[in-house]
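So you can see what is in the structure, the chains are spelled out below.
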Amino acid sequence: MTTSPAPDHTPTHAGAISEEGYHKDLGRRHVQMIAIGGAIGTGLFLGAGSRLQVAGPSLAIIYAICGVFSFLILRALGELVMYRPTSGSFVTYAREFLGERAAYMAGWLSFLNWAMTGIVDITAVALYMHYWAVFLPVPQWAFALAALAIVGTMNMIGVRYFGEMEFWFSLIKVVALALFLIAGAVILGTRMPVAGHTTGFHLITENGGIFPHGLFSALMLLQGVVFAYSGIELLGTAAGECEDAREILPRAINSVIWRIALFYVGSVILLVCLLPWTEYHAGTSPFVTFFQALGIPGIGTIMNIVVLTAALSSLNSGLYSTGRVLRALSLGGSGPKALGKLNRSSVPYVGILTTLAVYLVGVMLNYLIPSRVFEIVLNFSALGIISTWGFILLCQLRLRAAINRGDIAPTGFNMPGAPYTTWATLGFLGFVLIMMAFDYPDGTITIGAIPLIGAILIGGWCLLDRGRRHG
């Protein structure tokens with residue numbers, strides 16, 4: 001078992017300190033909202049419009065399938081967390097159960113995910129700000145830089161500030177979805193017409209059925225839907241700074257499946273029963289389309305605030321996660337030593353600053369090629385998500401094997417159906433990669449870039465190894 005070195009800072013208050021040197025300042029409400037925030041993002045609020053256009057009502061089935069496997073991944077992580085809560089999360093578990101090379105790959109691929117996602121998020125913030133005409137004269141890069149400054153500052157001054165920001169961001173998303181579900185259920189229950197259409201399940205059968213464009217079109221959405229669920233693993237990272245992880249985490253994890261069922265599957269079913277799925281289009285939130293059909297004034301502004309919040313939430317989470325992941329890499333010798341430093345607030349400031357530097361590249365891209373930023377970086381983040389989840393599952397397999405041998409005591413929070421469900425989930429992730437390869441040109445190019453990414457990782461490992469030998 002890898003033991004972290006002594007913390008390199010002096011705490012400024014009397015709060016509890018984890019074995020990794022972090023303040024345990026995240027409470028129950030923070031963790032509950034981090035769980036919600038990780039499961040609900042712009043993939044639902046904005047991305048569902050384009051996915052409905054491609055797959056129609058079958059999107060609910062794809063959300064359900066991906067949701068089940070995402071929950072199994074979270075349960076696998078939960079078993080690891082109950083064994084040993086750590087802010088190093090899957091990097092620390094990979095080091096213990098799979099070796100330092102695996103920890104190196106898991107950490108840097110996760111960094112790739114959040115680095116690419118963060119560039120997408122700051123671009124999204126800038127685009128959402130241009131929704132209001134008063135902000136149109138402001139260049140896109142200026143909003144991207146402002147978002148980075150605000151979220152970066154909050155992450156640098158303490159984990160509690162990160163938790164508070166994520167709490168309120170997530171609360172806005174939950175309230176918005178709850179209002180839609182209540183309004184939609186009432187309208188559907190009373191058969192109130194919407195935009196001249198009588199509501200009901202007949203809107204599905206009269207518009208091509210569940211699979212209007214065929215099964216293959218629905219399966220092609222797997223990559224995008226997996227991206228919609230990215231961030232659920234943030235709970236594992238938060239465990240190391242949670243005041244009572246073993247008590248709080250199981251309930252937070254188990255509640256995720258119901259949130260997915262309600263917010264994703266339930267929302268899509270309501271949307272296609274309230275309006276024909278052909279009314280929803282890419283680039284417009286389906287929730288905006290619905291409320292505008294009701295003639296509610298100002299709904300565009302309200303939903304734009306919600307999706308803006310979702311983007312800021314993802315950016316906030318990315319900075320938090322990468323700071324801890326980079327520090328875990330550093331403490332194991334799989335990253336520069338400077339990444340292991342903490343400031344007086346127990347924040348891994350060098351890791352966060354490193355991520356901010358990458359995000360500044362995103363600001364520059366917003367200046368140079370503002371219309372193409374999304375396409376350049378979005379697909380590569382999916383590789384980071386899938387690899388991170390894969391490492392979590394492999395670590396859980398090793399943990400369960402050690403428990404079965406009697407080397408480790410049972411955690412009391414076993415992954416359901418393991419190891420069969422673990423292998424099935426790994427197979428699902430492999431199938432997603434195959435479907436990505438068929439998604440020409442973006443997905444095909446992304447899969448084709450795997451050897452290049454592998455070569456970069458191998459080169460980085462060789463440089464670190466040479467530094468260790470000469471150190």
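Please refer to the structure higher up on the page.
Remember, predicted model here, so these are calculated numbers, not experimental data. Along each chain, the written sequence defines residue order, and numbers are assigned to residues from 1. Where totals are concerned, whole chains, interfaces and linings use all residues; where local detail is concerned, this predicted model gives features only for residues with pLDDT of at least 70, and gives and counts side-chain atom pairs only at 80 or more. Excluding hydrogens and water, the side-chain figures rest on all heavy atoms present in the structure.

## Quick look at the overall build of the protein
Going along the chain from the N terminus, every DSSP run of H or I of four or more residues is numbered as a helix, and every run of E of two or more is numbered as a strand. The number of helices and strands found in the protein is 20 helices and 0 strands. Along the longest, intermediate and shortest principal axes, the C-alpha atoms of the protein span 70 × 55 × 45 Å. Taken across its 471 residues, the protein has 58% of its residues classed as buried. Pairs at least 24 apart in sequence give 80% of the contacts found in the protein among residues at least 6 apart. Here the term buried applies to any residue with accessible area under 20% of the maximum for its type, exposed to any over 50%, and partly exposed to those in between, with areas from a 1.4 Å probe on protein chains only. Throughout, a residue-residue contact means that at least one pair of heavy atoms, one from each residue, lies within 4.5 Å.

## Remarks on the environment of Val-120
Along the polypeptide, Val-120 turns up in helix H6 (residues 100-129). Put simply, Val-120 and Ser-314 are 194 residues apart on the chain and 9.7 Å apart in space, counted from C-alpha to C-alpha.

## As for helix H14 (residues 286-293)
Burial analysis of H14 places 6 of its 8 residues in the buried class, which makes it a mostly covered element. With its phi angle positive at about 80°, Gly-295 sits one or two positions after the end of H14.

## Brief notes about the packing of aromatic side chains
Two rings from Phe, Tyr or Trp (for Trp, the six-membered ring) form a pair when their centres are within 6.5 Å of each other. A pair whose planes differ by under 30 degrees is stacked, one over 60 is edge-to-face, and the rest are tilted. All chains considered together, the criterion is met by 17 aromatic pairs. An aromatic cluster is built from Tyr-131, Trp-132, Phe-135 and Phe-143, whose rings are joined through pairwise contacts. Here, a charge over a ring means that NZ of Lys or CZ of Arg falls within 6 Å of the ring centre while also lying within 35 degrees of the ring normal. For the cation-ring pair, Arg-75 lies above Phe-413, with the distance from its terminal atom to the ring centre recorded as 4.0 Å.

## Focus on the pattern of salt bridges
Oppositely charged side chains are able to pair whenever their charged atoms sit close together. What makes a salt bridge here is a side-chain nitrogen of Lys or Arg within 4 Å of a carboxyl oxygen of Asp or Glu, nothing more. Overall, the coordinates contain 4 salt bridges when judged by the stated rule. Its salt-bridge partner being Asp-407, residue Arg-405 comes within 2.9 Å of it at the nearest N-O pair. Taken individually, Arg-405 and Asp-407 each receive the classification exposed, so the pair is uniform in this respect.

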